[in-house]
Amino acid sequence: LNPGEEVLVPSPDYPLWSAATILNDGRPVYYRCAPENGFLPDPVEVEGLVSSRTRAIVLINPNNPTGAVYPRELLEKLVAIARRHNLLLLVDEIYDQVLYDGAKFEPLAPIADDHPCITFSGLSKVHRACGWRVGWAILTGTAARTTDYRNALDLLSGLRLCANVAGQYAIAAAVNGPDTISELCSPGGRLYETRRAVVEACAASEHLRLVVPQGALYAFPSVIGAAARGFDDHQFALELLETENVLIVPGSSFNVPYRDHFRVTLLPQAQVMGEVFTRIDRALGRRAEAAGKVVPIQAKARHAAA
Ligand SMILES: Cc1ncc(COP(=O)(O)O)c(C=O)c1O
């Protein structure tokens, strides 16, 4: 990127994409993936953000932190925008096989066809080899339009020292090996059952609302009702850690303008997750009760007048 050039990044985002843009002298411009729209982007809004400085658009599908899985029709519209404005497509599909309840994942590159697209993935999610530091990027699109970029990538990788060579041998074994993730995402499977525990806990809580995640390893609930009055996600995360020994990530860490969401991962056992949400609900109940005790200013004034 040249200084000041822009990259369209989803909000919420996986913050590495904002960081990568900023570290390359660019400016992230956020497109909304609103909870009321199932955390899907609105293509009209996305196109409205394109300027003469826009160079690329980032898609994260399936999404961290929301669990949204993008339908084909939406992806087609986003590709059309990239074509119209000559934007590079950067698509993070690291959760491509972490899907629930029959959700269908559509890879972007075949839809983009001859348009330049870089697909990112790795071993840390579907193959659960996080810590091995092994990932990859697949460059697709007409060779004439991507050759310079490919050469630059070659040069860059030649300049870097100590790629994880041993770890790279694991890639072929993993991607050509048996499917070990589908079972975990199906009824009775570890991830499925934890997700079920989260979905049920949010449905039973008067303080929480959840857009049910269709993929990935997270849930991104919001706080509603009396507990939401004056709610601050960072303050709540700290309070929850200190009073209930539960660690969550505040929603605004994912570059959203609102502060009433938080993220949990689906990695603990379902039973543990049930207990986690009992504690979250207890903390939110305390907040709701405290909010109820605060006398609204108008009522206070009336009181004084009487
Ligand atoms: C959307 C997304 N992309 C990429 C990564 C990076 O994964 P890793 O650094 O483990 O390869 C993560 C990890 O959480 C992620 O959520």
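Before any of the text, the structure's been laid out above.
Residues numbered from 1 in each chain as written. Predicted model: local features only at pLDDT ≥ 70, side-chain atom pairs only at ≥ 80, totals over all residues. Heavy atoms only, no water.

(A) Molecular detail of the layout of surface pockets. Roughly 2000 Å³ of internal volume is contained in the largest pocket. Lining the largest pocket we find 45 residues, and of these Leu 16, Trp 17, Phe 120, Trp 136 and Ala 137 sit closest to its centre. Of all the secondary structure elements, the ones that give two or more residues to the lining of the largest pocket are helix H1 (16-23), strand S4 (54-60), strand S5 (88-92), strand S6 (117-122), strand S7 (135-140), helix H5 (143-159) and helix H6 (165-176). For the lining of the largest pocket, the element with the highest residue contribution is H1, accounting for 6 residues. Classifying every residue of the lining of the largest pocket by side-chain character gives 30 nonpolar, 11 polar and 4 charged. (1 Å grid on protein atoms, 1.4 Å probe; cavity = no way out; pocket = protein on both sides within 12 Å on 5 of 7 lines; lining within 4 Å. Points joined across faces, edges and corners; volume = space filled by probe spheres on them. Helix = DSSP H or I, 4+ residues; strand = E, 2+ residues; numbered from the N terminus. Nonpolar A, V, L, I, M, F, W, Y, C, P; charged D, E, K, R; others polar.)

(B) Focus on helix H8 (residues 233-244). With 12 residues, H8 should cover 16 Å at 1.5 Å per step; its first-to-last C-alpha distance of 15 Å lies within 8% of that length. Within the span of H8, buried status applies to Asp 233, Phe 236, Ala 237, Leu 240 and Glu 244. Buried residues of H8, seen end-on, are gathered within an arc of 105 degrees and therefore sit on one face of the element. Of the surrounding secondary structure, the elements contacted by the buried residues of H8 are strand S11 (249-250), strand S12 (262-265) and helix H9 (270-293). (Expected span 1.5 Å × (residues − 1). Buried < 20%, exposed > 50% of the residue type's maximum accessible area, 1.4 Å probe, protein only. Arc of directions from axis to C-beta. Contact = heavy atoms within 4.5 Å.)

(C) Structural detail: the site of the ligand. Neighbouring the ligand are the residues Tyr 14, Ile 60, Asn 64, Asp 92, Ile 94, Tyr 95, Ser 124, Lys 125, Arg 133 and Tyr 218. In this structure, a nitrogen atom belonging to the ligand sits 2.5 Å away from a side-chain N or O atom of Asp 92. Take Tyr 95: an N or O atom from its side chain is 2.6 Å from an oxygen atom of the ligand. Coverage of the ligand by the protein chains reaches 82% of its 390 Å² of free accessible surface. With respect to the detected pockets, the ligand is housed in the largest pocket. Residue composition of the shell around the ligand, grouped by class: 5 nonpolar, 2 polar and 3 charged. (Near = heavy atom within 4 Å. Polar contact = N/O pair within 3.5 Å; in protein donor to acceptor, adjacent residues only side chain to side chain. Areas by Shrake-Rupley, 256 points an atom, 1.4 Å probe, with all protein chains shown as cover. Sits in = over half its atoms within 2 Å of the grid points.)

(D) A look at the packing of helix H7 (residues 190-204) against H9. Viewed as axis vectors pointing N to C, H7 and H9 meet at an angle of 25 degrees, and their least axial separation amounts to 8 Å. In terms of orientation, H7 lies roughly parallel with respect to H9. Seen along the crossing, H7 lies across H9 with a hand that is right-handed. Side by side, H7 and H9 meet where Glu 193, Thr 194, Ala 197, Val 198, Ala 201 and Cys 202 of the first sit next to Ala 270, Met 273 and Phe 277 of the second. Residues of the contact of H7 with H9, tallied by class, amount to 7 nonpolar, 1 polar and 1 charged. (Axes fitted to C-alpha atoms, helices over the stretch in contact; angles between N-to-C directions. Parallel < 35°, antiparallel > 145°, perpendicular 65-115°, else oblique. Left-handed = near helix turned anticlockwise from the far one by under 90°.)

(E) Examining the packing of aromatic side chains more closely. This structure, assessed with the given rule, holds 6 aromatic pairs. Summarising the aromatic geometry, the rings of Trp 17 and Phe 120 are spaced 5.2 Å apart at their centres and angled 75 degrees between planes, so their arrangement reads as edge-to-face. One end of the pair, Trp 17, is in helix H1; the other, Phe 120, is in strand S6, and 103 residues separate them in sequence. Ring geometry for Phe 231 versus Phe 236: centroids 5.1 Å apart, planes at 50 degrees, classification tilted. A relative accessible area of 9% means that Phe 231 is categorised as buried. On the basis of relative accessible area, Phe 236 is assigned to the buried category, the value being 1%. The rings of Phe 39, Phe 220 and Phe 254 are connected pair by pair, giving a single aromatic cluster. (Phe/Tyr/Trp six-rings, centres within 6.5 Å; stacked < 30°, edge-to-face > 60°.)

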